[in-house]
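Summary of structural features
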Amino acid sequence: MLEKLGAGLRAALEKITKAGYVDKTTVEELARDIQRTLLASDVDVKLVFSLTETIKKRALDEKPKPGMSAREHVVRIVYEELVRLVGRKPEIALKPHRLLFVGLYGSGKTTSIGKVARFYQKKGLKVALIGCDVHRPAAMTQLEQIAGQLNVPVYAPKDVKDPYKVASTGAEQFGKKYDVLIFDASGRSALDPDLAAELKKLGEIIKADDVLLTIPADLGQAAGPQARAFKELVGITGIFLSKMDATARGGGAITACAVTNAPVKFIGAGEKLDALETFDPERFISRLIGFGDLQSLLEKAKEAELKPETAQAIMTGKFTMDEFYEQIKAMQKMGPLKGILESMPGMGMMKMPKEFDASAMEGKMKKWKHMIESMTKAEKADPDIIDSSRMKRIAKGSGTNENDIRELIKYYNQIKKMSKMISGGALKRGPLAGLAKRFKGFG
Ligand code: GDP
Ligand code: MG
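In this report, we go over the structure that sits alongside the text. The structure presented is a predicted model; accordingly, all values stated were derived computationally and were not measured. (Residues numbered from 1 in each chain as written. Chains lettered and ligands numbered in written order. Predicted model: local features only at pLDDT ≥ 70, side-chain atom pairs only at ≥ 80, totals over all residues. Heavy atoms only, no water.)

Side note on the overall build of the protein chain
The helix and strand tally for the protein chain stands at 20 helices and 8 strands. Out of the 443 residues in the protein chain, the part that is buried amounts to 53%. Of the contacts made within the protein chain by residues no fewer than 6 positions apart, 74% connect residues no fewer than 24 positions apart. Accessible surface computed for the protein chain: about 20500 Å², of which carbon and sulfur atoms make up 52%. (Helix = DSSP H or I, 4+ residues; strand = E, 2+ residues; numbered from the N terminus. Buried < 20%, exposed > 50% of the residue type's maximum accessible area, 1.4 Å probe, protein only. Contact = heavy atoms within 4.5 Å. Areas by Shrake-Rupley, 256 points an atom, 1.4 Å probe, with all protein chains shown as cover.)

Here's what the structure looks like:
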């Protein structure tokens, strides 16, 4: 369900985990990607803009929690704000109560009543159904059929044309013996004044504890105005999101969640009576983005992050071979080193050797690892002491040759020179401040 919406959000988040670093530009781009996806899925325009404004503000103003990388921080904020957008977790009371279903014609009210009836029935409550859709005899038949499937009593007379009379007779008939009474109302646009008056009065007669508005997930941009109007007219206490299986976009559903401020209570995703679940905002969004995907995105973001000590060491030009290795590895995860360096302001003059390209580095990394492992602590801390006899020993220990070791030391020194230039320049001012901020411990 909502495949298109989910895929769009996922793609936007993936982009940020792959970005070399997170700054105002990347956050703004992420916000634009999210906007595009939500708008294409029919989420209300105002909601979209207020959501992305909040995301931008939080992403740039709030500091990442300890141990959280900048990317993880942003992905988390997006997740949290999406969860907040779809509302709070509803309370589903397992006690005697009266439920009135309202909503547009064809929105899935009668079917959803069957699902909810089955839900309470399974929880051990005694359920009865009352059909107040006096305008359509077929609706009464439909409710009877559903009641038959569930083996619950139903009052759905086809010859009474007064919905209030049906409601009060039904309530009288079942009120004492049954725990949950569910009333089916007729459906038209909430903007239809006759219906509005009818629903209002029905609610008063029934004394409904819960007025559930059925919103089909594929309603699109109309969902916002409809949800708002129903809320004003009959005071809905919750939403039943129906037909979640029938749309890849579903922005209407999300809009309805947000504008009514009434919690979504149930989700219907199928025509069968067991196609029901209770609503859980976190589960909903996790599934929308793909929770597995979300987790791996966060992990990827973490992997690509340098240890703060290492970053500190590198930035001040005092680092060991191990730290050098860790940095190269981290940088590779961020993408081609060259691209990262070139994207840093003020780094144009740092011409890195072609061999620093990610593809060429792959093979070297394994060798380097072995060579570094064959070094003593003193050699790792200060490769300058590696003379030819030490070199021979390391080559033998790592199954490499002396040229390989010379090359490694050359790269090490190149990075060192570069780091010294960076740290020599003021880290906190000028164009390099952005780079410094990227590493924890410098922000
Ligand atoms: P009502 O007019 O609001 O009472 O709507 P109905 O309950 O009669 O449903 C209208 C149509 O939508 C019927 O064909 C139902 O089978 C279908 N429907 C209802 N809920 C769902 C759902 O969750 N998924 C799908 N795919 N169809 C649904
Ligand atoms: Mg109906």
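Side note on the site of ligand 1
By nearness alone, 17 residues border ligand 1, and Gly 106, Lys 109, Thr 110, Thr 111 and Asp 245 come closest of all. Ser 107 is positioned such that a nitrogen or oxygen atom in its backbone is 3.2 Å from an oxygen atom of ligand 1. Contact distances for ligand 1 include 3.0 Å between an oxygen atom and a backbone N or O atom of Lys 243. Taken by itself ligand 1 offers 580 Å² of open surface, and the protein chains cover 81% of this. A molecule is said to occupy a pocket when more than half its atoms come within 2 Å of that pocket's grid points, and by this definition ligand 1 occupies the second largest pocket. Looking at which element gives the most residues to the shell around ligand 1, the answer is helix H5 (residues 109-122), with 4 residues. A per-class count over the shell around ligand 1 returns 3 nonpolar, 8 polar and 6 charged. (Near = heavy atom within 4 Å. Polar contact = N/O pair within 3.5 Å; in protein donor to acceptor, adjacent residues only side chain to side chain. 1 Å grid on protein atoms, 1.4 Å probe; cavity = no way out; pocket = protein on both sides within 12 Å on 5 of 7 lines; lining within 4 Å. Sits in = over half its atoms within 2 Å of the grid points. Nonpolar A, V, L, I, M, F, W, Y, C, P; charged D, E, K, R; others polar.)

Here we look at the layout of surface pockets
In this structure, the second largest pocket occupies an estimated 290 Å³ of space. Taken together, 19 residues line the second largest pocket, and the ones lying closest to its centre are Gly 106, Ser 107, Gly 108, Thr 111 and Lys 243. Top element by residues in the lining of the second largest pocket is H5. It accounts for 5 residues. When the residues that make up the lining of the second largest pocket are grouped by side-chain class, the tally is 2 nonpolar, 9 polar and 8 charged. (Points joined across faces, edges and corners; volume = space filled by probe spheres on them.)

Description of the pattern of salt bridges
Evaluation of the coordinates by the stated rule reveals 21 salt bridges. When the shortest N-O distance is used, the salt bridge between Arg 136 and Asp 133 registers 3.4 Å. With a shortest N-O distance of 2.9 Å, Glu 379 and Arg 393 are connected by a salt bridge. Of this pair, Glu 379 sits in helix H17 (residues 377-381) while Arg 393 sits in helix H18 (residues 388-398); the two residues are 14 residues apart in sequence, bridging distant segments of the chain. Take Glu 379: its relative accessible area is 0%, and that puts it in the buried class. (Salt bridge = Lys/Arg side-chain N within 4 Å of Asp/Glu carboxyl O.)

A word on the side chain of Ser 242
Among the secondary structure elements, Ser 242 is positioned in strand E6 (residues 238-242). A relative accessible area of 3% means that Ser 242 is categorised as buried. When neighbours within four sequence positions are excluded, Ser 242 is seen to be in contact with Ser 107, Ser 112, Thr 214, Ile 215, Pro 216, Ala 217 and Gly 268.

Some details on the sheet that holds strand E4 (residues 180-184)
Taken in spatial order, the 8 strands make up an open sheet running E3-E2-E4-E1-E5-E6-E7-E8, and their pairing is mixed. In the strand order of this sheet, the two ends are held by strand E3 (154-155) and strand E8 (276-278), each with one partner. Looking at chain direction, E6 and strand E7 (residues 264-268) are connected through 3 bridges and run parallel. Note that in E7 the partner of Phe 240 across the bridge is Phe 266. Contacting strand E1 (97-103), strand E2 (127-131), E3 and E4, helix H7 (residues 163-174) crosses the sheet at an angle of about 160° to E2. Against the sheet, helix H10 (residues 251-260) touches strand E5 (210-216), E6 and E7, its axis set at about 180° to E6. (Pairing = 2+ DSSP bridges. Axes fitted to C-alpha atoms, helices over the stretch in contact; angles between N-to-C directions.)

Section: the pairing of E7
For E7, the tally of buried residues reaches 5 of 5 residues, placing the bulk of the element in the interior. In this view, the connection linking E6 to its parallel neighbour E7 by way of H10 has right-handed handedness. Where E7 lies against E8, 3 bridges are found, and the strand directions are antiparallel. Counted as the bridge partner of Gly 268 is Leu 276 from E8. (Right-handed = clockwise from strand over helix to strand, strands pointing away.)

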